[in-house]
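# Survey of secondary and tertiary structure
Chain residues, written in single-letter form:
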Amino acid sequence: MGACLGACSLLSCASCLCGSAPCILCGCCPSSRNSTVSRLIFTFFLFLGVLVSIIMLSPGVESQLHKLPWACEEGAGTPLVRLSQVDCSSLLGQRAVYRMCFATAAFFFLFMLLMLCVRSSRDPRAAIQNGFWFFKFLVFVGITVGAFYIPDGSFSDIWFYFGVVGSFIFILMQLALLIDFAHSWNQQWLGNAEERDSRAWYAGLFSFTLLFYSLSIAAVTLLFIYYTQPGACSEGKVFISLNLTLCVCVSIISVLPKVQDAQPNSGLLQASAVTLYTMFVTWLALSNVPDQKCNPHFDNGTALTGPEGYMTQWWDAPSIVGLIVFILCTLFISVRSSNHRQVNSLMRTEECPPVVEAAQQQEEAGRAYDNEQDGVTYSYSFFHFCLVLASLHSMMTLTNWYRPGETRRMVSTWTAVWVKICASWAGLLLYLWTLVAPLLLPNRDFS
C-alpha cells in the first residue's frame, strides 16, 4: 500500500514537471504571479549553468578532465582519436566554462526565437514558456553535452568576442536597472516624507547619498594607490581621473534648477549610485590591464596547482564581486516591475500591477495564478534575450575576461579594459540623457 502511495506521489510530481508553473510551487509558497514564477525558474536554469561552470574551474575537476582524450594533448594512455590538441596547463578550466556558457546561451536563444510575438497566455506557445519544465531540462542537458563535443579550433577565440559584445550590453543594462531602482527608491522615500510629515525619510536619503559618495571617494583613492605607479600606468591614471570628472559633472547637472523643474524626483541619490557603479566598472577594467606594475591581480601568484602539476587561473576579488553583482542583477530582472514607463518600454515589461483582490488571493492561496490571460506582462523573447546576455556576461566574469592567446593559454588583453571603460562612459551618457531629455524634447512626456 505504501509503495502504491509512493508511486502515485511520484506520478503527481512528474505531472507537475510536465505541467505549468503554478503546479511547480503548489502549496510551497504564498500566492504569486505565474509570470514571475516562470522567470524565476528560467533564472534557476541560468544559475545552474553558472554553478556547473564554477565546478569546472575547480582544480580537482580539471585533473579528471585532463584524462579525457578529447580535452588534452595527452590522453589517459589509450590510442583513442583526439578531437582537438589543447595545452591543458591553464586552459582547461576556462575551456569548459566557454562551452557551458555557450550551451546556456544557445538554450535561451532558442526560446527567444520560439517566443517571438507571444501576446497572451492563450497563445499555445505560452504553455511552453510556463510549463513542460522536465522536457526543458532534458533539452538543456542535451545542448550542454553537445557543446562539450565542439572541436576546439577557433571556437574559443570567436566565442570570446561574442562574450565581449554581450557583456558590454549587459553592463549597460545593469546601469539602467540601477538608475530605475534609485529613481523608485528616491520617489518612494520622498512620498513617505510628505505623507507622514517626517524628516527621518530625508535623513535616510541624505545618509545613503553620503555613504555612496564616501565609498566612491574611497574607491578612487584605492584605485590610485593600487593600480597606478609614479611615472607609469598613464592609462590607468587617465581612466580614473576622467571617470571621476564625468561623475562630478553629472552630479552637478542632476541638481541644476532647470533639471529639477523638469524632473522633481531627480537628485543626488541617483547620481551617487551611478557614481559608485562607475567606479566599480572602472575597477573591473583596471583589473584586466596586462601589466604587472599597474595591476596587482596580474600574474601575482594566485594560480592554484592541480594534482597533475598544471596551473589554473583562479578568481580574484574583482571576479568574485562581479559575480555577486551579476547574480543580484539577474534576480532583479526576473522579479522587477517598474513605475517608470520609459524603463518599462526599454525592458519590455508592464507597469507595477495592481494588488490582486482579496477573494482571488484567497482562492489562489499557496499557488501561482495566471495573470496573463488578457496580455503578457513582459516580453517573453526579450526576457530570454536578457538571459542570453547574462550567460555571456557570466562567461566573461568567471574567466576574468581572459581569452586564449597564440600560445593556447589564457592571457589578459586590452580589449577587456577598453570594453569596460567604454561601457562606463556609455552608462554615464545614458544617465545624462535621462536628465536632459525632458529639456531637449519638451513636447514628449517623460513623467
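For clarity, every value in this text was computed on a predicted model and none was experimentally measured. (Residues numbered from 1 in each chain as written. Predicted model: local features only at pLDDT ≥ 70, side-chain atom pairs only at ≥ 80, totals over all residues. Heavy atoms only, no water.)

## Focus: the overall build of the protein chain
The condition that has to hold: Strands here are runs of E lasting at least two residues and helices are runs of H or I lasting at least four, both read from the DSSP assignment and numbered beginning at the N terminus. Categorising residues by exposure relies on relative accessible area from a 1.4 Å probe, with only protein chains included: less than 20% of the type maximum marks a residue as buried, more than 50% marks it as exposed, and the intermediate range marks it as partly exposed. Contacts between residues were defined by any pair of non-hydrogen atoms, one from each residue, lying within 4.5 Å. Accessibility throughout is a Shrake-Rupley quantity obtained with a 1.4 Å probe, and a residue counts as covered only by protein chains that appear here.
From N to C terminus, the protein chain includes 17 helices and six strands. A total of 447 residues make up the protein chain; the buried ones form 45% of that total. Long-range contacts, defined here as pairs at least 24 residues apart, represent 76% of the contacts in the protein chain between residues at least 6 apart. As displayed, the protein chain offers around 21400 Å² of accessible surface, 67% of which is attributable to carbon and sulfur atoms.

## Examining the packing of helix α12 (residues 268-286) against helix α13 (residues 317-335)
For any two helices packed against each other, the geometry is given by the interaxial angle and the distance between the axes. Definition in use: All axes are obtained by fitting lines to C-alpha atoms, using only the stretch in contact for helices, and the reported angles, taken between N-to-C directions, cover 0 to 180 degrees. Every angle not falling under 35 degrees, over 145, or within 65 to 115 is termed oblique; those three ranges are roughly parallel, roughly antiparallel and roughly perpendicular. Helix crossings get a hand from a simple test, with the near helix turned counterclockwise from the far one by less than a right angle marking a left-handed crossing and a clockwise turn marking a right-handed one. Residues are sorted three ways: Asp, Glu, Lys and Arg are charged, Ala, Val, Leu, Ile, Met, Phe, Trp, Tyr, Cys and Pro are nonpolar, and all the rest, Gly among them, are polar.
α13 packs onto α12 with a crossing angle of 140° between their chain directions and a minimal axis gap of 10 Å. Classified by the angle their axes make, α12 and α13 are oblique. Judged by the twist between their axes, the crossing of α12 over α13 is left-handed. Facing α12, whose interface residues are Phe 280, Trp 283 and Leu 284, α13 presents Ala 317, Pro 318, Val 321, Gly 322 and Val 325. Classifying every residue of the contact of α12 with α13 gives seven nonpolar, one polar and no charged.

## Focus on a nonpolar patch on the surface
Put simply, the rule reads: For patch detection, residues must exceed 30% relative accessible area and be free of salt bridges, and they are connected within 9 Å for like charges or within 5 Å for nonpolar side chains (Val, Leu, Ile, Met, Phe, Trp, Tyr). The working definition used for a salt bridge is a side-chain nitrogen of Lys or Arg within 4 Å of a carboxyl oxygen of Asp or Glu.
Residues Leu 114, Ile 128, Phe 132, Phe 134, Phe 135, Phe 137, Leu 138, Val 141, Val 145 and Tyr 149 make up a contiguous nonpolar surface patch of about 860 Å² in total accessible area. Looking at the nonpolar patch, the element that brings in the most residues is helix α7 (residues 133-147), giving six residues.

## Topic: the state of the cysteines
Let me state the cut-off plainly: Count a disulfide wherever a pair of cysteine sulfur atoms falls within 2.5 Å.
This structure, assessed with the given rule, holds one disulfide. Covalently, Cys 233 is tied to Cys 294 through a disulfide, its sulfur atoms 2.0 Å apart. Torsion about the S-S bond of the Cys 233 and Cys 294 cystine: about -95°, corresponding to left-handed handedness. Here Cys 233 is found in the loop between α9 (200-226) and α10 (234-254), whereas its partner Cys 294 is found in the loop between α12 and β2 (304-305), with 61 residues between them in sequence.

## A word on the nonpolar core
For the record, the criterion: In plain words, nonpolar cores are sets of buried Ala, Val, Leu, Ile, Met, Phe, Trp, Tyr and Cys residues tied together by side-chain atoms within 4.5 Å.
With 46 residues, the main nonpolar core has Phe 42, Phe 108, Phe 170 and Ile 333 as its most contacted residues. Of all the secondary-structure elements, those providing two or more residues to this core are α3 (34-56), α5 (92-114), α7, α8 (155-196), α13, α16 (380-398) and α17 (414-440). In terms of residues, this core owes the most to one element, α16, which gives eleven residues. With near-sequence residues (within four places) excluded, Phe 42 lies in contact with Phe 107, Phe 108, Phe 111, Gln 129, Trp 133, Lys 136, Phe 383, His 384 and Leu 387. Judged by nonpolar contacts, the second largest core, of 29 residues, contains Ile 171, Leu 175, Cys 247 and Tyr 277.

## Comments concerning the confidence of the model for the protein chain
So the rule is basically this: pLDDT is a residue-level measure of predictor confidence that goes from 0 to 100.
Here the protein chain averages 75 in pLDDT, and 68% of its residues register 70 or above. For the protein chain, β2 is the element with the lowest average pLDDT, namely 42, and α10 is the one with the highest, namely 92.

## Points about the packing of α8 against α16
Taken N-terminus to C-terminus, the directions of α8 and α16 make an angle of 115°; their axes are 7 Å apart at the nearest point. With respect to α16, the axis of α8 lies roughly perpendicular. Seen from above, α8 lies across α16 with left-handed handedness. When α8 is examined against α16, the residues Trp 159, Phe 160, Phe 162, Gly 163, Val 164, Gly 166, Ser 167, Ile 169, Phe 170, Ile 171, Met 173 and Gln 174 are found in contact with a partner set consisting of Cys 386, Leu 389, Ala 390, Leu 392, His 393, Met 395 and Met 396. Residue classes in the contact of α8 with α16 are distributed as 14 nonpolar, five polar and no charged.

## Comments concerning the environment of Ile 143
Counting through the fold element by element, Ile 143 comes out in helix α7. As for Ile 143 and Phe 107, which are separated by 36 residues in sequence, their C-alpha atoms are 7.1 Å apart. The residues touching Ile 143, leaving out its near neighbours within four places in the chain, are Ala 103, Ala 106 and Phe 107.

## So, the environment of Asp 152
Within the secondary structure layout, Asp 152 lies in the loop between α7 and α8. Along the sequence, Asp 152 and Arg 95 sit 57 residues apart, while their C-alpha atoms lie 8.8 Å from each other.

## Regarding the packing of aromatic side chains
The condition that has to hold: Two aromatic rings, drawn from Phe, Tyr or Trp (for Trp, its six-membered ring), form a pair once their centres lie within 6.5 Å of each other, and the interplanar angle then sorts them: stacked below 30 degrees, edge-to-face above 60, tilted otherwise. Over a ring means this: the NZ of a Lys or the CZ of an Arg is within 6 Å of the ring centre and within 35 degrees of the ring normal.
With the rule as written, the count across this model stands at 33 aromatic pairs. Taken together, a centroid distance of 5.9 Å and an interplanar angle of 45° make the contact between Phe 181 and Trp 185 tilted. Of this pair, Phe 181 and Trp 185 both sit in helix α8, four residues apart, which is roughly one turn of that helix. Through pairs of rings, three or more aromatic residues link up here, namely Phe 42, Phe 44, Phe 45, Phe 107, Phe 108, Phe 111, Trp 133, Phe 137 and Phe 140. The side chain of Lys 136 reaches across the aromatic face of Trp 133, ending 3.6 Å from its centre.

## Some remarks on the side chain of Thr 397
Mapped onto the elements of the fold, Thr 397 is located in helix α16. Each residue touching Thr 397, except ones within four places of it in the same chain, is listed here: Ser 319, Gly 322 and Leu 323.

## Let's talk about α16
Operational definition: By this rule, a helix spans an expected 1.5 Å times one less than how many residues it contains.
Its 19 residues give α16 an end-to-end C-alpha distance of 27 Å, which sits within 8% of 27 Å, the value for a rise of 1.5 Å per residue. Burial analysis of α16 places 17 of its 19 residues in the buried class, which makes it a mostly covered element. Remark: Asn 400 follows α16 within two positions and exhibits a positive phi of approximately 55°.

## Here's the deal with unusual backbone geometry
One can expect most non-glycine residues to show negative phi and most peptide bonds to be in trans. Even without glycine at this site, Cys 233 takes up a positive phi of about 60°. Taking the relative accessible area as the measure of exposure, Cys 233 reaches 5% and is therefore buried.

## Some remarks on the environment of Lys 420
On the secondary structure map, Lys 420 appears in helix α17. Judged by its relative accessible area of 4%, Lys 420 falls in the buried class. Between the C-alpha atoms of Lys 420 and Phe 168, which are 252 residues apart in sequence, the distance is 7.0 Å. Ignoring anything within four residues of it in the chain, the contact list for Lys 420 reads Val 281, Leu 284, Ala 285, Asn 288 and Trp 401.

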